[in-house]
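# Remarks on the overall topology
Residues per chain are reported as follows:
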Number of protein chains: 2
Amino acid sequence: MLDTLFNPKSVAIIGASQKALSIGNVITRNLLRYEFKGPIYPINPKADEICGLKAYPSVLEVTGDIDVAHISIPAKFAPMAIDECGKKGIKFVIINSAGFKEVGPEGEAIEKETVARAKTHGIRVFGPNCQGIINTDPDVKAYCDFTFTFPEPGHVSIVAQSGGVGAVFMQNIHDLEVGMRFYASNGNACDISIPEILRYYGEDEGTRVIILYVEGFSDPKEFMEAAREVAAKKPILAMRAGRSQEGAKAAVSHTGGLVGVGLSTELIFKKTGILTFTDQEEMCQAAMAFASQPIPRGNRVGLITDTGGPAIIATDALVEAGMKIPPLSEKAKDVLKEKLYPEASVHNPIDVLATGQAPHWRAAMDVLMEEDQVDSVYINFVTPPFVDCESVAKEMAEVSKQRKKPIVCNYMTDKPQWTGTTEILKSGNIPRYDYAEMAAKALAALSRYNDMCSRETGEVVHFDDVDRDTAQKILQGAKQTGRKNLSASDVYTLLGAYRIPAADWRMASNPEEAGKFAAEIGFPVVIKADSEEIVHKSDVGGVKVNLQDAKAVKSAAAEMEKKFGPKGLRFFVQKFMPGGKEVIIGAKAEPGLGHTVMFGLGGIMVELMKDVSFELTPIASGEAKEMLTSIKSYPLLSGFRGDKGVDREKLAEVIQRVSQLVTELPEIQEMDLNPIIAYEDRVFVVDARIIIS
Amino acid sequence: MLDTLFNPKSVAIIGASQKALSIGNVITRNLLRYEFKGPIYPINPKADEICGLKAYPSVLEVTGDIDVAHISIPAKFAPMAIDECGKKGIKFVIINSAGFKEVGPEGEAIEKETVARAKTHGIRVFGPNCQGIINTDPDVKAYCDFTFTFPEPGHVSIVAQSGGVGAVFMQNIHDLEVGMRFYASNGNACDISIPEILRYYGEDEGTRVIILYVEGFSDPKEFMEAAREVAAKKPILAMRAGRSQEGAKAAVSHTGGLVGVGLSTELIFKKTGILTFTDQEEMCQAAMAFASQPIPRGNRVGLITDTGGPAIIATDALVEAGMKIPPLSEKAKDVLKEKLYPEASVHNPIDVLATGQAPHWRAAMDVLMEEDQVDSVYINFVTPPFVDCESVAKEMAEVSKQRKKPIVCNYMTDKPQWTGTTEILKSGNIPRYDYAEMAAKALAALSRYNDMCSRETGEVVHFDDVDRDTAQKILQGAKQTGRKNLSASDVYTLLGAYRIPAADWRMASNPEEAGKFAAEIGFPVVIKADSEEIVHKSDVGGVKVNLQDAKAVKSAAAEMEKKFGPKGLRFFVQKFMPGGKEVIIGAKAEPGLGHTVMFGLGGIMVELMKDVSFELTPIASGEAKEMLTSIKSYPLLSGFRGDKGVDREKLAEVIQRVSQLVTELPEIQEMDLNPIIAYEDRVFVVDARIIIS
């Protein structure tokens, strides 16, 4: 669909200008400088010639076909320009000008008008308020953009909502001497969207890895569908920006009306199989490895070094990034003892010494390529002036070309002096890093991608034993009375309808009945004052726990009646559950997305240590299990220091039932099962809250 | 003392060679290439000329004075070479050759012999197994080293134990276009030590910031003394390597006989005022800021940007690094509204827009320089091809030269194209970063340094009320009986001698006496079987808690007697302390250093969450308080959600008393007060363990 946009045979620039410091002029110059393979038509009614090219007063005066037209004239003239493009039969326009939705209602109206007219002409719009696209294909060389980096052809494609961040990625990928395939930054995205661009990259054979930067989603579900589809084919690396409250605020203030980023972005990335980064440099450096190296089968690294200190730093960085440094086999050590200097270290890291020669390096690499317990190879290569480094590099390049296991190289040198060595490493597609830490993180990213691909999320189970009708009736009833915060009996009936286990309960309308029901349930019990007026029950004496007999229940209820008055007051009587561990499961609606579900251990683990896990609905069985195992305090659930664990199967089931519940009843805005008391073989909700829209 | 070493007027290379791939040849070439200002004397009995210089068969044949002689001949000839240097009156030798302590006992013997002979001649030895020194002073230009980076003069001095890591720092500082002052990597450090080099850098006016890399300490106390002295004068930035177990192992295996690194290194750095980093790049990039910018008075940052996305990323990175983004004053916003484009954002971050011109940038900078609630300025500068960037850069340079507040710049450009702009920024001493995150981290490092300088550690209190004699007698007694694990009565008597509060206790020799003592103490009590044979008391039924009367005590003791036999068995009776919060204070001897003291909340917070703090003895009052406040679960001590806190003053005092105790009784290897029960107004040790050497 976007083929013509990314592979134009001719480009017009409406608003091309002779003024050097203008966007129209910069785009014209960029196309010329990048040696675009087709004709370039500057459009300007007041000039005959721009940047040495014949200028035209209108696209209609151009005799040849035009595949893509830039519009870089003031926003208010955009609809008119669209009409002319329509008449000319142009199928794609890139609107670089600002002054649309991002400036307020007036601009928004112009944007709508522009899109509407484009639709009548069958024109697809890229932008407005955007940079544009770049295609590095030597047969195309389309630099339809006003940025300043002139990339070499390669296999990394970039799509960025923010042009500033996109430019940073493009520039730094270029500085790393990594080639690029496509670039796209679509600004306001009034028509051609990021999901559409992602899909185009997904189908493109030349794209091996995608770099993505988004600050929000106009249609999260569409994004997820596209991302999932593309991520199944090739790695997508993405930045999670707006992580801090302050950052999220900055994101919202600078773009026009998009959903704020943050947690839900992270969950979307995780669910669709996008590899997340929180640091631009780390992402660019990882892209270098993804563009040239195979994916490892695991996280076990073999290291080779010719200097001690950097090996310590690399080891620290690898371990901290989740990698393992396995010991080498006796066989491997025997080979190394025979082939390396006697002072060399034949353990992992293998130290060939600063004086190590090409055959030593080759022996070490060959050994690691053969070692079963090694999935990837990390090289620390300082270029000693007394060693024939080009010969060493040749061996590295040769081994890399075998593509048996991924290799990264912390290349410690003065590049202007070691150009020959650098070229050889480059010819072997060996990613080269200035710092041990970066090389380690890049390798860890490859391994993280392998983990993600082999992640077992399981299936989304559909529980047929639920009573959706009853649940819906409860919500309808609450809506009719205008109640947003459901009553205790509604909450527990609803949980019952979804077979979410709760401690046995009854709703009593007076102290006498409370006592009777308590006896039915069996002691001890807890009673809670139930009334719309009482919000923080326990703060005002509306909760009494561990009541041992009917008399205690009746007197507690009577006391509450005295305190709150009998009007609208009922008594929620529930089995009191001593012992067990408190856990929390909560859900919160995410507009356009579904719900986020939270899991954590109750009390200080949630409130103080923030030790919780999140997942987006619908939650599959494997995801539910991961929510349990991924919290730091998981050992308290699985059994810790002699303590017996709790029924994790059941907790995972409750998470999945909650997921189904909020998915089938989307009017639920918030839901808190807090706490759930978990025992070795059972779990019970003992307090719950549901808020509807 | 080291003045001649770092400022030699003449250099000889014993072992200079015509062979290009040899260390002696590389050093000779380096001195020539770097244009060393004095005569260079290659020493080689078999050559007349090396690298175009006249060669001498021996230093004794050189007619002029020699300040520094390299020795790069096989280790076994080093002592002989030293003798010749002595005869010649040379005062400093740099032994580059390997084959000394690092290769085993034989090499160690040669190293000892070399040092001994040097001493008789009054020669100071740098190395062996080392790179050497560099002085960039244009009047000296001493490249007494075989590395390959040729740095510009500047204000960063580097000292690194590992030559590999030192070379990485030097190269990357150079690549960042930051000038260097001195470089030193002293390998085995048989004579001239890192503390001595640090002191030399400390006294050098040209050195504004020191980069330090160590993997261990041969004399930790000497290091601490020197570091503290120098850190008081100028920033020392240091790497903490060997953090992971695997990394520490790698450190130990590659150097000769040094204390392993890890936690104690971090504590040494903290205590002496060294700024710690865990990432080489972050440290180099911070050094760039330290070398050129003033130190901020606080952590409040004002941002200026000309592009939205990078401002979000910068905000995230700043907040995550502990910085604050304060709102701007109304006055400031009014000025900005008047001076910037109408669509510009006048909040923090200030967005001057991509089309922002020099006067806009200047207005924004002036506003931030005047704002009281802003301590430093962060700039996001993408260089739009349609803006006069050189004029913008001139304003930045001018403001930076005022040195009112530190400025860092995330400089998003293609450097080969924007050379003019880059040069202007450079002339203004503005540190330039490729990524928003790096600029943010560098600024945060400046702020962290300010925090460190204004850290209130308080005084080391000496408690006069302790009874050291009694304590010493207890340890002597235990030593005489050969007991390493002190008995309960010894432990508690010792705690009493140092006025560390413990729950009231008695030691009973039979069940009858246990009952009697329990009555004296008051119920409830706990009793513990005390015998050298019983180690894990509670696992084997050697502990009974919450005993309510004498009868219960006697029968519990009798049962223990039945189980363990009466021989050597005594009964430790102690007041049972219900309620309260469990905390742990522990101490562990660190050879050559003193002790590390640990603090944490008991139970899962220590065992599962590893939420603990450490400090080295002697612990000052402010440090003790910091140990409490720096744990994540501190709110549990200070009062959390209605819960009352505990007596933190008293806990801080116990930490200081423990510090004094282990300092005055250094034979204590390990000490655990676990748990201490802390109440609102009191604390009591209820279990303790002391192990002596």
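Residues numbered from 1 in each chain as written. Chains lettered and ligands numbered in written order. Predicted model: local features only at pLDDT ≥ 70, side-chain atom pairs only at ≥ 80, totals over all residues. Heavy atoms only, no water.

### Here's the deal with the overall build of chain A
For chain A, the helix and strand inventory stands at 24 helices and 29 strands. Principal-axis analysis of the C-alpha atoms places the extent of chain A at approximately 95 × 80 × 40 Å. By the burial criterion, 61% of the 693 residues in chain A qualify as buried. Here chain A has roughly 27100 Å² of accessible surface; of this, 49% comes from carbon and sulfur atoms. Distance between charge centroids for chain A: 3 Å, based on 78 positive and 93 negative side chains. (Helix = DSSP H or I, 4+ residues; strand = E, 2+ residues; numbered from the N terminus. Buried < 20%, exposed > 50% of the residue type's maximum accessible area, 1.4 Å probe, protein only. Areas by Shrake-Rupley, 256 points an atom, 1.4 Å probe, with all protein chains shown as cover. Lys, Arg positive; Asp, Glu negative; His and termini not counted. Charge placed at Lys NZ, Arg CZ, Asp CG, Glu CD.)

### Quick notes on the sheet that holds strand E1 (residues 11–14) of chain B
All names here are of chain B. With respect to topology, five strands assemble into an open sheet ordered E2-E1-E5-E6-E7, the strand pairing being parallel. Since the sheet does not close on itself, it has two edges, and those belong to strand E2 (40–43) and strand E7 (124–126), each with one partner. Geometrically, the sheet is characterised by an average inter-axis angle of 20° between neighbouring strands, direction not taken into account. Of the strand pairs in this sheet, strand E5 (residues 68–71) and strand E6 (residues 92–95) are connected by four bridges, and their pairing is parallel. Across the sheet, the residue bridging to Ile 71 is Ile 95, located in E6. Docked against the sheet, helix H2 (residues 23–33) engages E1, E2 and E5, running at close to 160° with respect to E1. (Pairing = 2+ DSSP bridges. Axes fitted to C-alpha atoms, helices over the stretch in contact; angles between N-to-C directions. Contact = heavy atoms within 4.5 Å.)

### Brief notes about helix H20 (residues 550–564) of chain B
Residues and elements named next belong to chain B. Under the 1.5 Å per step criterion, the end-to-end length of H20 is 21 Å for 15 residues, consistent within 8% with the ideal 21 Å. Val 553, Ala 556, Ala 557 and Met 560 are the residues of H20 that are buried. End-on view of H20: buried residues confined to an arc of 100°, all on one side of the axis. In H20, the exposed positions angled more than 90 degrees off the buried face are occupied by Lys 551 and Lys 562. Where H20 is buried, its residues meet helix H19 (511–521), strand E21 (525–530), strand E22 (543–547) and strand E23 (570–575). Of the residues trailing H20, Gly 565 is marked for its positive phi of about 80°. (Expected span 1.5 Å × (residues − 1). Arc of directions from axis to C-beta.)

### Thoughts on the pairing of E21 of chain B
Residues and elements named next belong to chain B. For E21, the buried fraction is high: six of the six residues fall into the buried class. Of the two faces of E21, both are covered, the one formed by Val 525, Ile 527 and Ala 529 as well as the one formed by Val 526, Lys 528 and Asp 530. Strand direction decides the pairing type here: E21 and E23, joined by six bridges, are antiparallel. Its bridge partner being in E23, Ile 527 is matched across the sheet by Val 573.

### Overview of the environment of Ala 189 of chain B
Relative to the elements of secondary structure, Ala 189 of chain B occurs in the loop between strand E11 (180–185) and helix H6 (194–203). Here the alpha-carbon distance between Ala 189 of chain B and Pro 128 of chain B, two residues 61 residues apart in the chain, equals 6.7 Å.

### Overview of the domain arrangement of chain A
Here chain A is described as being made up of domain 1 (1–136), domain 2 (147–292), domain 3 (294–453), domain 4 (456–503 + 577–693) and domain 5 (506–576). The C-alpha centroid of domain 5 of chain A is placed 55 Å from the C-alpha centroid of domain 2 of chain A. (Domains from an automatic or database assignment.)

### Comments concerning the sheet that holds strand E15 (residues 301–305) of chain B
All names here are of chain B. Spatially, five strands are ordered E16-E15-E17-E18-E19 in an open sheet, and the strand pairing comes out parallel. The sheet terminates laterally at strand E16 (350–351) and strand E19 (432–433), the two strands that pair on one side only. In terms of strand pairing, strand E17 (residues 376–382) meets strand E18 (residues 407–412) through six bridges, oriented parallel. Bridge pairing in E18 links Tyr 378 to Val 408. Contacting E15, E16, E17 and E18, helix H13 (residues 358–370) crosses the sheet at an angle of about 175° to E15.

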